[in-house]
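Chain by chain, the residues:
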Amino acid sequence: MKHQGLITSSYGRMYKVLVGDTYYHGVTKAKKSDYVVGDYVLVDIINQEQAQITDLIPRNSLIYRSDRYKSKQIASNVDQIIVVTSVTPNYNLDFISNSLIFAESECISVLLVVNKSLLNESKEYIALINELYGSIGYLVVTLNGIDSVDALIPLIKNKTNVLIGQSGVGKSTITNQLLQKKSAKTNDIMKSHNSGKHTTTNANLYFIDNETKIIDCPGLQEFGLYHLEHDRLIEYFPEFKKYIGQCKFANCKHIEEPNCIIRELFTNNLVSKYRYEYYVRLYTSLRPIIK
Ligand SMILES: Nc1nc2c(ncn2[C@@H]2O[C@H](COP(=O)(O)OP(=O)(O)O)[C@@H](O)[C@H]2O)c(=O)[nH]1
Ligand SMILES: [Mg+2]
Ligand SMILES: [Zn+2]
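Note that the structure is predicted; figures quoted are calculated from it, not measured.

K.L.:
Could you give an account of the overall build of the protein chain, with specific residues and numbers?
P.N.:
The secondary structure content of the protein chain amounts to eight helices and 13 strands. Counting only C-alpha atoms and orienting by the principal axes, one finds that the protein chain spans roughly 70 × 50 × 35 Å. In the protein chain, the share of contacts with a sequence separation of at least 24, taken over all contacts with a separation of at least 6, comes to 63%. When the accessible surface of the protein chain is split by element, carbon and sulfur atoms take 49% of a total near 15,500 Å². Across the protein chain, the centroid of the 33 positively charged side chains sits 5 Å from that of the 29 negatively charged ones.

What follows is the structure in structure tokens.
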């Protein structure tokens, strides 16, 4: 008899699968398998510890990133992406922007968390994030995750949430606070510098309550969007979207064409300089158009 399971973590070709309230080591018959955390699957229970994964139940969403060489799955069946950022160890606005563009392109709801809010350097950073992203409609939540994640609790309720962010921003700390126990491995910067260990190397799904799940991912260096289509890109910028169709040329790239409303917004300082320049940078970095 087949059972339905949920993949809660993956280690290469080995998976941890939750069936009812029991966790099993999930194995697959195929030499190559590409299940991902968050997948619902059908399994055959082999014994008290092992289950064989046989089928994938169709996903209702897939979080993945891509560059020119490969595409990498991150998590599936996610309702909400939580982009976590912090002023230390270093921040990268394009990482944040890419995560938001991904969410827009897949119609997945998204919110931004600025963690480590009590650090002195955070004040300016929080202002920057609000100016760049709060102003165009994104929800920005400031958090000192090491003390409290109360502000996040109502926002994640009854959803499957994935934490996306660079290494060291505090994703595992936030996860631990949400779980109120030390089950997610946090990466102490000092320790990891010394030993090169203690890093989350795979994604883990945790239940906050029966209906609320959180997926803690390893820190990403980049959130590549190589797979996006040039023509659609402008739609994923909430601040530009409302002007679509107002340029002189219907196929305007909004880069060098005359009478381009998007470029006019930029030259008249009506949109953020960073965001327009990011648009151009992203546009030119996508998979070349094959004619
Ligand atoms: N000051 C401060 N440090 C934090 C906060 N949250 C996490 N950290 C620290 O940042 C480092 C990286 O945290 P971790 O949760 O492993 O980050 P991850 O790589 O995103 O999972 C650890 O040393 C944490 O103690 C916070 O709210 N304030
Ligand atoms: Mg971590
Ligand atoms: Zn244009």
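We are not done yet, so read on.
K.L.:
Any chance you could break down the domain arrangement of the protein chain for me, citing the residues and the numbers?
P.N.:
Once the domains are mapped, the protein chain shows domain 1 (3-56), domain 2 (62-216) and domain 3 (231-285). Here the C-alpha centroids of domain 2 and domain 3 sit 28 Å apart. Taken together, the contact pairs 11 residues of domain 2 with 11 residues of domain 3. Summed over both sides, the interface of domain 2 with domain 3 buries roughly 990 Å², with 64% coming from carbon and sulfur. Ranking the residues of domain 2 by area buried against domain 3 places Asp94, Ile101 and Ile136 at the top, with a combined share of 48%. For the pair domain 2 and domain 3, the interface holds one salt bridge. One can count seven residue pairs in polar contact (both at pLDDT 80 or more) joining domain 2 with domain 3. If one sorts the elements of the side of domain 2 that touches domain 3 by residue count, helix α1 (residues 93-105) sits on top with seven residues.

K.L.:
With reference to specific residues and values, describe the coordination of the zinc ion (ligand 3).
P.N.:
Coordination sphere of the zinc ion (ligand 3), protein contribution only: Cys247 (SG), Cys252 (SG), His254 (ND1) and Cys260 (SG), at 2.1 to 2.4 Å. Binding-site remark: the zinc ion (ligand 3) is held by donors from one chain whose sequence spacing is C-x4-C-x1-H-x5-C. On the criterion of sequence distance, the pair formed by cysteine 247 in the loop between α6 (238-241) and α7 (261-267) and cysteine 260 in the loop between α6 and α7 is long-range, its members being 13 residues apart. The buried category is assigned to cysteine 247, whose relative accessible area is 11%.

K.L.:
Give a description of the confidence of the model for the protein chain that names residues and reports values.
P.N.:
Any residue range with low pLDDT should be treated as having predicted coordinates unsuitable for detailed reading. Here the protein chain averages 91 in pLDDT, while 92% of its residues score no lower than 70. Contacts of residues 188-200 to residues separated by more than four positions or lying in other chains number 15 contacts, the stretch itself having pLDDT below 50.

K.L.:
Please provide a residue-by-residue account of the packing of aromatic side chains, values included.
P.N.:
Two descriptors summarise a pair of aromatic rings, namely the distance from one centre to the other and the angle between the planes of the rings. Counting across every chain of the model gives 13 aromatic pairs. With centroids separated by 5.8 Å and ring planes inclined at 50 degrees, the aromatic side chains of phenylalanine 237 and tyrosine 278 adopt a geometry described as tilted. Of this pair, phenylalanine 237 sits in the loop between β13 (212-216) and α6 while tyrosine 278 sits in helix α8 (residues 273-285), and the two are 41 residues apart along the sequence. The exposure class of tyrosine 278 is buried, given its relative accessible area of 1%.

K.L.:
Go over the pattern of salt bridges with me, naming the residues and quoting the values.
P.N.:
The final tally for this structure, using the stated rule, is eight salt bridges. Aspartate 44 is the partner of lysine 2 in a salt bridge, and the nearest nitrogen-oxygen pair spans 3.2 Å. Of this pair, lysine 2 sits in the segment before β1 (3-11) while aspartate 44 sits in strand β4 (residues 40-45), and the two are 42 residues apart along the sequence. Across the pair lysine 70 and aspartate 67 runs a salt bridge whose closest N-O atoms are separated by 3.4 Å.

K.L.:
Could you give an account of the side chain of serine 122, naming the residues involved and the relevant values?
P.N.:
Residue placement: serine 122 occurs in helix α2 (residues 122-132). A relative accessible area of 0% means that serine 122 is categorised as buried.

K.L.:
Lay out the environment of lysine 16 in plain terms, naming residues and giving numbers.
P.N.:
Residue placement: lysine 16 occurs in strand β2 (residues 14-19). Along the primary structure lysine 16 and serine 76 are separated by 60 residues, whereas in three dimensions their C-alpha atoms are 15 Å apart.

K.L.:
Could you give me a rundown of the pairing of strand β5 (residues 50-56), with the residues and numbers involved?
P.N.:
Side-chain direction in a regular strand flips from residue to residue, so the side chains alternate between the two faces of the sheet. Of the strand pairs in this sheet, strand β3 (residues 22-28) and β5 are connected by four bridges, and their pairing is parallel. Bridging across to β5, glycine 26 finds its partner in alanine 51. Of the strand pairs in this sheet, β4 and β5 are connected by five bridges, and their pairing is antiparallel. Residue pairing across strands places leucine 42 opposite aspartate 55, the latter belonging to β5. Connecting β4 to the antiparallel partner β5 that follows it, the hairpin turn spans four residues.

K.L.:
So what's going on with the nonpolar core? Residues and values would help.
P.N.:
Membership of the largest hydrophobic core comes to 61 residues, with the highest contact counts inside it found for Ile63, Ile81, Tyr133, Ile164 and Leu233. Among the elements that take part in this core, α1 stands out by supplying seven residues, more than any other. One finds Leu111, Val113, Leu143 and Leu163 within the second-largest nonpolar core, a separate group that totals 16 residues.

K.L.:
Account for unusual backbone geometry, naming residues and giving values.
P.N.:
Backbone geometry follows two general trends: most residues other than glycine have a negative phi, and most peptide bonds adopt the trans configuration. Residue proline 89 is bonded to the preceding threonine 88 through a cis peptide linkage, with omega at -5 degrees. For asparagine 77, which is not glycine, the phi torsion reads 55 degrees and is therefore positive. Secondary-structure assignment places asparagine 77 in the loop between β7 (71-76) and β8 (80-85).

Calculation criteria
Residues numbered from 1 in each chain as written. Chains lettered and ligands numbered in written order. Predicted model: local features only at pLDDT ≥ 70, side-chain atom pairs only at ≥ 80, totals over all residues. Heavy atoms only, no water. Helix = DSSP H or I, 4+ residues; strand = E, 2+ residues; numbered from the N terminus. Contact = heavy atoms within 4.5 Å. Areas by Shrake-Rupley, 256 points an atom, 1.4 Å probe, with all protein chains shown as cover. Lys, Arg positive; Asp, Glu negative; His and termini not counted. Charge placed at Lys NZ, Arg CZ, Asp CG, Glu CD. Domains from an automatic or database assignment. Buried area = accessible area lost by both parts, 1.4 Å probe. Salt bridge = Lys/Arg side-chain N within 4 Å of Asp/Glu carboxyl O. Polar contact = N/O pair within 3.5 Å; in protein donor to acceptor, adjacent residues only side chain to side chain. Donors = N, O, S within 2.8 Å, 3.2 Å for Na, K, Ca; no water. Buried < 20%, exposed > 50% of the residue type's maximum accessible area, 1.4 Å probe, protein only. pLDDT = per-residue confidence, 0-100. Phe/Tyr/Trp six-rings, centres within 6.5 Å; stacked < 30°, edge-to-face > 60°. Pairing = 2+ DSSP bridges. Core = buried A, V, L, I, M, F, W, Y, C linked by side-chain atoms within 4.5 Å.

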